[in-house]
Amino acid sequence: MAYRTALKYFQLSLELLNEKSWNEQYKLMFEVHRVMLETLYLISEYEQVEEKCKLVLKRAKNIFDRISLYEIQILCYNSKMEQSKAIDTALMALEELEIGKLKELEISSIESRIQKSVDWLIKQIEVDNLANLPVMTDIYKLKAIEILQQIMFSTITTNFPLHIEVILTQIMLFIKYGNSPQSAAAYIYYGMLLCSTISNIDLGYKLGNMSIKLSHNLNENKSEKMKLESIVSLLYYGFIWYWKKWLRQEKELENLLEGYQKGIKSGNLTFAAMIAISYCLFKFFGGYNLDEVHKNYIKYRKSISNLKQEYSLFYIDICHVSNTYLIETTKNKSQIYLIGNNQKQEKKYLEDWKKSNNEWLLFIYYFYHQLLNYGSSGFCVETRSILIVSSTK
């Protein structure tokens, strides 16, 4: 309600201004448009944002005003599950900021690239001292970090080799120019990579704990701090913490929900939605009663739907339907539709995800299909499907 009320005031402001204001009061005119676009994003009016952004971009007079509009566009593309557009927009912005072209790795070289980055990092600085690096002051590099951060999620779900370079580019910028306010998010992504790709659990865990401290000590405004804490919360509990701890711990579940609330309050809707899914997955894989898990899925599915986060909506639907099949043991599992209402719809979704290279949703779909078919004749079929998907990457 507050956002819609604010939107009315922005629209009234523009009615009082006119086309001449772009020349006579450019700063005011641009700022009203920018904040209005942010508000439209927060109330999920993505089409309006896309349309109006293009018009305002033609009026933008300097690189930093253009970058602020690119950031809003990227948010919308991520929410609409148009990750390729989000990535393309970010790469265009990085080029304007004079950041060299990110080199996309071959799948076979990912592990060696990450190991080399660890070797390089250790030669540059003691890992414990990363938190004590000077403050980054180069405005171009600060903006580049913000743009890189915006595609960390979209690259990890659709282009993992590029994701590696997005993270490592930030780490190198921090070493050379100092820490930015968003450093904690990059360090924890890096920690996640170390745990999941080269099994360096100890170093990954150390980076995770350091990131939590960095995010808590951030001297930014309240909204920016909550936004960062929601990112760190998802990545720490969703990808690092469980390598050393048992899933079924109430304190950590409470911390996740706290991160979810911070994501909602700060407008970090993409990460808020993913935290909600992680909470449900912790309950599912932590061995909680499936009826309790079912209620959690219903609650957070509704929340994600209200946030209009399309990617997360597909994700939670697959998990929720799988949980329902496990509860309803008498249900015929020879015809399982985890997405859509029939075979034709499900096939269309899978084809679309393959075309858009949506690797993570494909993995989630086949993982749960295999889980439900375990012990049945369908198990071998699903295993073969997963291997086929993997071999196309």
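Data block above holds the structure.
Within any chain, residue numbers begin from 1 and follow the written order of that chain's sequence. At least 70 in pLDDT is required for a residue's local features to be given in this predicted model, at least 80 for side-chain atom pairs to be given and counted, and no such filter applies to totals for whole chains, interfaces and linings, which use all residues. Based on all heavy atoms of the structure, the side-chain values leave hydrogens and waters out of the count.

> Whenever I open this one, the packing of aromatic side chains confuses me. Can you help?
Working definition: an aromatic ring pair is given by the centre-to-centre distance plus the angle between the planes. Stacked, edge-to-face and tilted are the three classes for Phe, Tyr and Trp ring pairs, Trp counted by its six-membered ring, which pair at centre distances within 6.5 Å; planes under 30 degrees apart are stacked, over 60 edge-to-face, the rest tilted. As enumerated under the stated definition, the model contains 25 aromatic pairs in all. Here the aromatic rings of Tyr 41 and Tyr 46 are separated by 5.9 Å at their centres, their planes lie at 40 degrees, and the arrangement is tilted. Following the ring pairs from residue to residue traces out a cluster consisting of Phe 284, Phe 285, Trp 360, Phe 363, Phe 367 and Tyr 368. Positioned above the aromatic ring of Tyr 288 is the side chain of Arg 248, whose terminal nitrogen or guanidinium carbon lies 4.1 Å from the ring centre. By the criterion adopted, a ring carries a charge over it if an Arg CZ or a Lys NZ lies within 6 Å of its centre and within 35 degrees of its normal. Above the face of the Tyr 288 ring, Lys 283 is positioned so that its terminal group lies 5.1 Å from the ring centre.

> Help me understand the nonpolar core, please; the structure alone is not making it clear to me.
What we call a nonpolar core is a set of buried Ala, Val, Leu, Ile, Met, Phe, Trp, Tyr and Cys residues that are connected through their side-chain atoms within 4.5 Å. Relative accessible area decides the class of each residue, using a 1.4 Å probe on protein chains only: under 20% of the type maximum gives buried, over 50% gives exposed, and in between gives partly exposed. Leu 130, Tyr 189, Tyr 190, Tyr 297, Tyr 315, Trp 353 and Tyr 368 are the most contacted members of the largest nonpolar core, which totals 131 residues. With 13 residues, helix H15 (residues 269-285) is the single largest residue contributor to this core. Contact definition: two residues touch when any of their heavy atoms are within 4.5 Å. Filtering out sequence-adjacent residues up to four positions away, Tyr 189 remains in contact with Met 152, Phe 153, Ile 156, His 163, Ile 167, Leu 235 and Phe 271. By the criteria applied, helices consist of DSSP H or I runs no shorter than four residues and strands consist of E runs no shorter than two, each listed in order from the N terminus.

> I would appreciate a short explanation of the environment of Asn 18 in the present structure.
The residue Asn 18 is located in the loop between helix H1 (2-16) and helix H2 (21-24) in this model. When the C-alpha atoms of Asn 18 and Lys 116 are compared, they prove to be 56 Å apart, with 98 residues separating the residues in sequence. Of the polar contacts made by the side chain of Asn 18, one reaches the backbone nitrogen of Lys 20; its length is 2.9 Å. Under this definition, polar contacts are N or O atom pairs within 3.5 Å; protein pairs additionally need one hydrogen-donor-capable and one acceptor-capable atom, and for neighbouring residues in sequence, both atoms have to be side-chain atoms.

> Mind showing me how you'd approach the side chain of Thr 155 here?
Mapped onto the elements, Thr 155 comes out in helix H9 (residues 152-158). Thr 155 gets classed as buried once you look at its relative accessible area, which sits at 0%. Those residues in contact with Thr 155 that lie beyond four places of it in its chain are Ile 87, Phe 160, Leu 162, His 163 and Val 166.

> How do you make sense of the pattern of salt bridges when you look at a structure like this?
A side chain of one charge can pair with a side chain of the opposite charge if their charged atoms are brought near each other. By definition here, a salt bridge exists when the distance from a side-chain nitrogen of Lys or Arg to a carboxyl oxygen of Asp or Glu is within 4 Å. Across all of its chains, the model carries 19 salt bridges by this definition. In this structure, Asp 128 and Lys 206 form a salt bridge, with 3.8 Å as the shortest nitrogen-oxygen distance. Residue Asp 128 is found in the loop between helix H7 (110-124) and helix H8 (139-150), and its partner Lys 206 is found in helix H12 (residues 201-216); the two are separated by 78 residues along the sequence. Taking relative accessible area as the criterion, Lys 206 reaches 41% and is therefore assigned partly exposed. Ionic pairing is found between Asp 138 and Lys 141, a salt bridge with its closest N-O pair at 3.9 Å. For Lys 141, a relative accessible area of 14% puts it in the buried group.

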